[in-house]
Structure formats: C-alpha cells, structure tokens
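Structural characterization, general
Here is what each chain is made of, one letter per residue.
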Amino acid sequence: MSNSSLHNVFIWGQKELDDLWNSINRSPSDPSSFWISLASFIFAVLGSLSNLMSVVVLLKLSTHLSTFIYLTSLSLSDMITCITVMLILIIEFLVQTRQSTSVTILLRRIEIISGALAAASRVLSFWISTGVTIDRYILICYPVYGKIFCTLNRAKYVSRTLFIIACIYSIPLLFEYEVIRMPTVYQMVHIDNESAAATNDEKLDKNSMLVTKGYTDLAKRRAYRWAYLFFNAIFVYTLPTFIIIFCNVQLIGALKRRKSRTKGVRKKHHSSHPEKSIHQTRRFHHSKYSITIMVIAMVLALLLCRSPTIVLWILWSFELTIKAFFNSSSSSFVRRFHSVANLIAIINAATNFIPYCVFGELFRAECLTIYCCRKPTSAQLAKKAKLEHERKIRHSKKHGKIKVTTNQQRTTDFEIDYLNTISSINSDSVSGINTSCND
C-alpha cells in the first residue's frame, strides 16, 4: 500500500470536509433557537452565581467531611461550565453584529477555548459525581473502610487529580478547530466582475471577510476521532454510569434497612423513654444520612439530565450522522433536540444549589448562617464544638511521635476546652429556646 493510500485512510478527504461544512452552512436555522439561547444564557448567569454561593458554603463544611470536598469541586466544575457557556453565547451575539475581521478572529479563538473548557468541565462534573457516590457508598455500606479511604487528604488528592486529568482532556479539544477566513458572497461576485475588480479596496477586503471555524489537520485524522470515541465511550460515559447506578442502588437499600432498623429501636424503647428516645433517634438519623440523601438526589438528577447529551455525543461521533443532522429535510426536529439537550445540561449545572438546600441539613443551616446572618443555635454550636474536638484528637493521634506525656496533656487541654464550650452553650440554651418559640 502506497503512502498516499495510507494518508487517505487515516485523514478525511477535502471533498468530504467541503460537503460537510457546506451542509452545515446551508442548514436552516430553527425559529425557537433564539428563545433556547436566551434561556441558556439566563440559566448560565444564575448558575454562575448559585455555584459561587455553594462553593462559599461548602468550603466551610469541607473541613469536617470528605464528601463536602467532592461537592466543592463539583460546584467549581459546574461554575466553569456556566461561565464558558455564557461566554460562548455572548460571542455568538457579538459575531452576528458584524464586527471587524480582527475582532471577529479574536472572538472565534475565544469561542474555541471556551468550547473546549465547557466540554472538559462537563466531563469533570461527571467524574466528580462518580467520586462522591463512591465516597458515600464506602462510608455508609463499609464504615470500617471509610476511616481509611474517605479521609480529607485523600478526597483533596482525588479532586486535584481529576482536575488535572480534565485539563489534559481539554488540550486536544483546543486544536480541533481553527479560524478560517473566506470572502463573502458580495466580494466573490465583485471579484468576478472585471469592471469592479479595479475598485476593490484592500481595507474593504479585510473588514468584510467571513470568519468561521473549520476542522484542523488533527480533527481530520480518523485515528484521532476513533481514539477520542473509544476514550469517551469507556472512561467518560459507560464506566462512570455503571458505577453511579450500582452505588446508588446499594445506598438506597442501605438507607431503607437503616430506616426500618431505626423504627424497630424506636418502638422498643418508646415505653421507657418516650419523648427523649424519639427526639434523639430522629436527630441522629437526619444528621448522619441527610448528606447521603442529598448526594443520591443530586447524582440521579445529573444522570437523568445528561442522558440526552450522551445521545448527542454518539451522533456527533460519526460523519454520516453529522451530515444527517444538518440535512434540511430532517434538521427541524434533530437540531431542536440538540438545543434542548444542551439547555437541560446547563439547567442541571446551574441548579445543584437546590438539592443541596432541600436535602442537605448541614448545608441549609450553614447557608442560612452565612447569607441570612442567622445566629447558630445551641445544638449547632455543640455539634461544631464536637467536630472540632474530634478533629484535634485525630490531629494529635496523627503526630504520635511526640512523647506520651505531651499527648496526654494536649488531650486533657482539648477536653477542658470542649467542656467549657458545652457549658457556655448550655447556659445560653434557655434563651435560644425562647427565641425559637417566639419565632
């Protein structure tokens, strides 16, 4: 086989690319695309603000539990998605206002970078959602191993690693497209006209060029397209989806068993400690498993909203489906489905703040404390003091190379501080109860 034949096998032909881009440029626009773009821009703006608020709250909680570290990384990833989508929509609007050629070239390059970052951040959100699901699965189903694998340092290490892999994933996407300058139809007509050729101004040519995107030599290679397809099929969609489904099924079953066991214990001790038993059992259940319910609701919503995007990714992976996508006879429904699927993915990235507030008891309390300037209750202060006390004990055990007498003295000091905090809380509990009753 000659070198030219090998080159034709692994690289798309110029005629194939010309037909592809011509079908794209001749494809009719959907009348509803304006309203979908407007809704996408609104949700992208709201999502940027809501994810920023989530990051502020989760950073406060991430010092106590590894799950909150993953949720902080997820909020950062979703915020990047919303910001890049917002930039892409603004660039599309500016390009349609017929800017100068130099400005349009700059905008197209920013659009290419934003598109690569948006794609990488969506993949990153999927990976982080898988990580937080595994974290809750180990903590709930195997609590003994949770003390080993679900530590704060390990969660930070995994989150940083996923961010680095997502950055590496976005590098080839930056070189898939290039900026192409071509004359407009008006210029082509006047170039062919001999009488107008002499009056063709160089400044008019520079400011009237049609600037668009085109495939680079990397994107033309079939080996790259198939390698990209294989990586996405295995490591981006298939494997994380199966892990999410398996872990969530196990988590739901564990929560059901825990709920039935809690009811049995509550009925057993109801006669001896009626009010105290019920109150303590409910508080224990909500404080320990509300985070798991929040994670399950968030991850299942992400999986449901990303299903149309997975279908679109399969369609965009093959040349024939791309041409069918832009065919005028079938583009009305398919292109509307494409726009709606992207809108659903943006809505999902923008509204994770809602399940955090609805299902997350700790998140909701911390959010009210930060943004509504509400003073924490005595129970919240006691819980915070207890967590701080446990963190200091873990820190002292971690640095066990110090002398035993020094460790014992530090532990005694920690216990004294903790008891002083609890005593101050109990002294103010009456006023806190009266205030809550008045509310």
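Basis of the calculations
Residues numbered from 1 in each chain as written. Predicted model: local features only at pLDDT ≥ 70, side-chain atom pairs only at ≥ 80, totals over all residues. Heavy atoms only, no water. Helix = DSSP H or I, 4+ residues; strand = E, 2+ residues; numbered from the N terminus. Buried < 20%, exposed > 50% of the residue type's maximum accessible area, 1.4 Å probe, protein only. Contact = heavy atoms within 4.5 Å. Phe/Tyr/Trp six-rings, centres within 6.5 Å; stacked < 30°, edge-to-face > 60°. UniProt positions renumbered as here; feature names shortened; annotations may be inferred. Axes fitted to C-alpha atoms, helices over the stretch in contact; angles between N-to-C directions. Parallel < 35°, antiparallel > 145°, perpendicular 65-115°, else oblique. Left-handed = near helix turned anticlockwise from the far one by under 90°. Nonpolar A, V, L, I, M, F, W, Y, C, P; charged D, E, K, R; others polar.

**Comments concerning the environment of A233**
Relative to the elements of secondary structure, A233 occurs in helix α12 (residues 222-268). Exposure remark for A233: the relative accessible area of 23% places this residue in the partly exposed category. Separated by 80 residues in the primary sequence, A233 and W313 place their C-alpha atoms 9.5 Å from one another. When near neighbours in sequence (up to four residues on either side) are disregarded, A233 contacts T238 and W313.

**Quick notes on the packing of aromatic side chains**
Summed over the entire model, instances satisfying the criterion amount to 13 aromatic pairs. Here the aromatic residues W127, Y169, Y224, Y228, F231 and F235 are joined through ring pairs into a cluster of three or more.

**Side note on the UniProt feature "transmembrane region" (unreviewed entry) in the protein chain**
Mapped onto the present numbering, the UniProt feature "transmembrane region" (unreviewed entry) falls at residues 34-59, 68-91, 124-145, 157-175, 226-253, 291-316 and 336-359. With 95% helix and 0% strand, residues 124-145 has its two end C-alpha atoms placed 26 Å apart. Spanning residues 157-175, this segment combines 95% helix with 0% strand, and its end C-alpha atoms are found 29 Å apart.

**Quick look at the packing of helix α4 (residues 66-96) against helix α5 (residues 101-141)**
Where α4 contacts α5, the axes come no closer than 8 Å and their chain directions differ by 160°. When the interaxial angle is binned, α4 and α5 end up roughly antiparallel. Classified by chirality, the crossing of α5 by α4 is left-handed. Along the lines of polarity and charge, the residues of the contact of α4 with α5 split into 18 nonpolar, 13 polar and 7 charged.

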